[in-house]
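The lines below spell out each chain.
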Amino acid sequence: MENFVFQNKTKIIFGRDTENQVGEEVAAYAKKILLHYGGGSIKKSGLYDRVTASLKKAGVEYIELGGAQPNPRLSLVKQGIDICRKEGIKFILAVGGGSAIDSAKAMAVGVPYSGDVWDFYSGKGMPEKALDVATVLTIPAAGSESSPSSVITNEDGDLKRGLTTDLIRPVFSILNPVLTFTLPAYQTACGAADIMAHIMERYFTTTQCADFTDRLCEAAMKTIIHNVPTCINEPENYDARAEVMWAGCVSHNDLLGTGRNQDWSSHGIEHEISGIYDVAHGAGLAVVFPAWMKYVYKSNVNRFVQFASRVWGIDIDFHNQEKTALAGIAALEKFFISIGMPVRLKEMDVGADRLEEMADKCTGSGSWTIGGFMSLDRNAVLEILKLAV
Ligand code: NZQ
Ligand code: ZN
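Owing to the predicted nature of the structure, the values given are computational and were not obtained by experimental measurement. (Residues numbered from 1 in each chain as written. Chains lettered and ligands numbered in written order. Predicted model: local features only at pLDDT ≥ 70, side-chain atom pairs only at ≥ 80, totals over all residues. Heavy atoms only, no water.)

1. Structural notes on the coordination of the zinc ion (ligand 2)
At 2.0 to 2.2 Å from the zinc ion (ligand 2) lie its protein donor atoms, namely Asp194 (OD), His198 (NE2), His267 (NE2) and His281 (NE2). Between the donor residues of the zinc ion (ligand 2), the gaps in sequence give the motif D-x3-H-x68-H-x13-H. A residue pair is termed long-range when its members are at least 10 positions apart, and His198 in helix α7 (residues 185-203) and His267 in helix α10 (residues 265-277) qualify at 69 residues. Summarising the burial analysis for this pair, His198 and His267 share the class buried. (Donors = N, O, S within 2.8 Å, 3.2 Å for Na, K, Ca; no water. Helix = DSSP H or I, 4+ residues; strand = E, 2+ residues; numbered from the N terminus. Buried < 20%, exposed > 50% of the residue type's maximum accessible area, 1.4 Å probe, protein only.)

2. Brief notes about helix α15 (residues 378-388)
Note: α-helices contain 3.6 residues per turn, so residues at a spacing of three or four share the same orientation. Turning to α15, its buried residues number three or more, namely Arg378, Ala380, Val381, Leu382, Ile384, Leu385 and Ala388. Elements in contact with the buried residues of α15: α10, α11 (281-296) and α14 (355-362). The opening residue of α15 is Asp377, an N-cap whose side-chain oxygen sits 3.2 Å from the backbone nitrogen of Asn379. (Contact = heavy atoms within 4.5 Å. Polar contact = N/O pair within 3.5 Å; in protein donor to acceptor, adjacent residues only side chain to side chain.)

3. Brief notes about unusual backbone geometry
We note that Asp158 has phi near 50°; this positive angle belongs to a residue other than glycine. Structurally, Asp158 can be placed in the loop between β6 (149-154) and β7 (159-164). Of the residues examined, Asp158 reaches a relative accessible area of 28% and is grouped as partly exposed. Although it is not a glycine, Ser365 sits at a positive phi angle of roughly 55°. Tracing the backbone shows Ser365 in the loop between α14 and α15.

4. Side note on the packing of aromatic side chains
On inspection of all chains with the given rule, the structure shows 20 aromatic pairs. On the numbers, 5.8 Å between centres and 80° between planes, the contact of Phe204 with Phe373 is edge-to-face. Of the two residues, Phe204 sits in the loop between α7 and α8 (211-233) while Phe373 sits in the loop between α14 and α15, which places them 169 residues apart along the sequence. In this pair, the class of Phe204 matches that of Phe373, namely buried. The interplanar angle of 70° and the centroid separation of 6.0 Å between the aromatic rings of Phe304 and Phe373 together place this pair among those described as edge-to-face. Pair noted here: Phe304 is in helix α12 (residues 301-312) and Phe373 is in the loop between α14 and α15, with a separation of 69 residues, a long-range link. The same class applies to Phe304 as to Phe373, namely buried. Taken together, the aromatic side chains of Tyr203, Phe204, Phe289, Trp292, Tyr297, Phe304, Phe307, Trp312, Phe335, Phe336 and Phe373 make up a single cluster linked through ring pairs. A cation over an aromatic ring shows up here: Lys43 above the ring of Tyr48, its NZ or CZ 4.7 Å from the ring centre. Arg303 extends its terminal NZ or CZ atom over the ring of Tyr203, reaching a point 5.0 Å from the ring centre. (Phe/Tyr/Trp six-rings, centres within 6.5 Å; stacked < 30°, edge-to-face > 60°. Lys NZ or Arg CZ within 6 Å of the ring centre and 35° of its normal.)

5. A few points about the domain arrangement of the protein
Looking at the assigned domains, one finds that the protein contains domain 1 (11-179) and domain 2 (183-388). Computed over C-alpha atoms only, the centres of domain 1 and domain 2 are separated by 26 Å. In this assembly, 30 residues from domain 1 lie in contact with 28 residues from domain 2. Both sides together, the interface formed by domain 1 and domain 2 hides about 2,300 Å², and carbon and sulfur atoms give 57% of it. (Domains from an automatic or database assignment. Buried area = accessible area lost by both parts, 1.4 Å probe.)

6. Points about the site of ligand 1
By nearness alone, 32 residues border ligand 1, and Gly39, Ser41, Gly98, Ser99 and Ser147 come closest of all. In the complex, 89% of the free accessible area of ligand 1, which totals 960 Å², lies under the protein chains. Of the residues assigned to the shell around ligand 1, the class counts are nine nonpolar, 20 polar and three charged. The two domains that each donate at least three residues to the shell around ligand 1 are domain 1 (11-179) and domain 2 (183-388). (Near = heavy atom within 4 Å. Areas by Shrake-Rupley, 256 points an atom, 1.4 Å probe, with all protein chains shown as cover. Nonpolar A, V, L, I, M, F, W, Y, C, P; charged D, E, K, R; others polar.)

7. So, the sheet that holds strand β3 (residues 61-65)
Here we have six strands laid out as an open sheet, ordered β1-β8-β5-β4-β2-β3, and parallel in their pairing. Pairing within the sheet leaves two strands with one partner each, and these edge strands are β1 (11-14) and β3. Along the sheet, successive strands turn relative to each other by an average axial angle of 20°, direction set aside. In terms of strand pairing, β1 meets strand β8 (residues 172-175) through four bridges, oriented parallel. When the bridges of β8 are listed, Lys11 appears paired with Phe172. (Pairing = 2+ DSSP bridges. Axes fitted to C-alpha atoms, helices over the stretch in contact; angles between N-to-C directions.)

8. Focus: the environment of His319
In this structure, His319 sits in the loop between α12 and α13 (321-338). As a C-alpha pair, His319 and Val151 span 168 residues in sequence and 44 Å in three-dimensional space.

9. With respect to the pairing of strand β2 (residues 32-37)
With five of its six residues buried, β2 lies for the most part within the structure. As paired strands, β2 and β3 are joined by five bridges and run parallel to one another. Bridge pairing in β3 places Leu35 opposite Glu64.

10. A closer look at the side chain of Ser144
For Ser144, the location among the structural elements is in the loop between β5 (132-137) and β6. On the basis of relative accessibility, which here comes to 2%, the residue Ser144 falls in the buried class. Of note is the side chain of Ser144, whose polar atom sits 2.6 Å from the side chain of Asp102.

11. Things to note about the packing of α7 against α12
The interhelical angle for the contact between α7 and α12, taken along N-to-C directions, is 140°, at an axis separation of 12 Å. By the criterion of interaxial angle, the relationship of α7 to α12 is oblique. Taken as a pair, α7 and α12 cross one another with a handedness that is right-handed. Here α7 contributes Met196, Met200 and Tyr203 to the contact with α12, which in turn contributes Arg303, Gln306, Phe307 and Trp312. (Parallel < 35°, antiparallel > 145°, perpendicular 65-115°, else oblique. Left-handed = near helix turned anticlockwise from the far one by under 90°.)

Below is the structure:
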């Protein structure tokens, strides 16, 4: 096991009706806030009414800004920054999924910064201060409800880039599984693919002897594999929704990555796809991850055998371990297909004409490599994208 520091400040408030506590929780921090949300699902479901009633009851004044799109845009972040500055707001409540939350986090670092907030995403600088952010989560997926990350798309150049700093971990997040009952099957499945990816980015490691976190990762993957089909077939099954919501949060709160090196190249490659084609992040990962696996498995067959055996229950063929490794990859693909995810780019209407551009953007035109499990240069990324066509 490698040395590590683990610190996660996000208070998780989990369970039925917990959104009604939001006003009280916010009031401990601020009396005037920005309420940020997505394209309107929270109004349709009635959540908006409950959140605003709770804020009013607690004497919290709110200015609202909706419209965060999946793959949240820089232009809306800038609007939010202007509003917070004009109104003297020091706290942002995001109600929604990873997109609304990431957009709120970007505003949080942008408000106290005199330069262009994109500097933090383009790698030109790191924030020193941030407003407080809190969330009411409506989709288990991105894990942004307790992660230190925010991913924003700059419309100028179709560039999707991330920022990671503990400053933007939410101070609290409210997770009520009932709020996920209204998720369409496709969004439930996209979320599941993203959660699986967050676990697998950590599971595929070169660190020897990380047995405890290996087994935490395996438990988390099995929880998703077991419960997501129920969420799709019985959208109002509280127990299955609750398992997925909590597993999704823990999968990206940094616990499962403690003491081990991690990969993250599938996320890097996927961000180039959703940055250009605006596809759902989880769907993009369902396509990229199996392709990545097919490219890298020979570099550490044992780890893929462990994945096949412990996660998918596949018998190990000790005479032909590669066969077992490939069976594990096939099982993952079959799972994605079974929950309605694409596993090839063409299923998302993404052609093969911009693969070179994506490989360039992902590796600075070959000036850096990506991936902790196996280091990938520009050509390797291009080969993986070709396997995904
Ligand atoms: O916008 P609304 O109307 O709310 O609709 C959303 C959106 O269309 C809908 N939805 C959410 N909750 C719902 C619901 N519809 C009905 N009922 C509900 N309860 O679902 C759609 C997707 O929402 P979005 O917020 O985009 O989903 P997700 O949570 O998957 O977030 C995706 C974004 O997060 C980034 C992704 O790259 C992508 O931009 N990520 C953020 C990370 C982080 N901050 O740590 C890590 C991830 O790896 C990821 O990159
Ligand atoms: Zn992700």
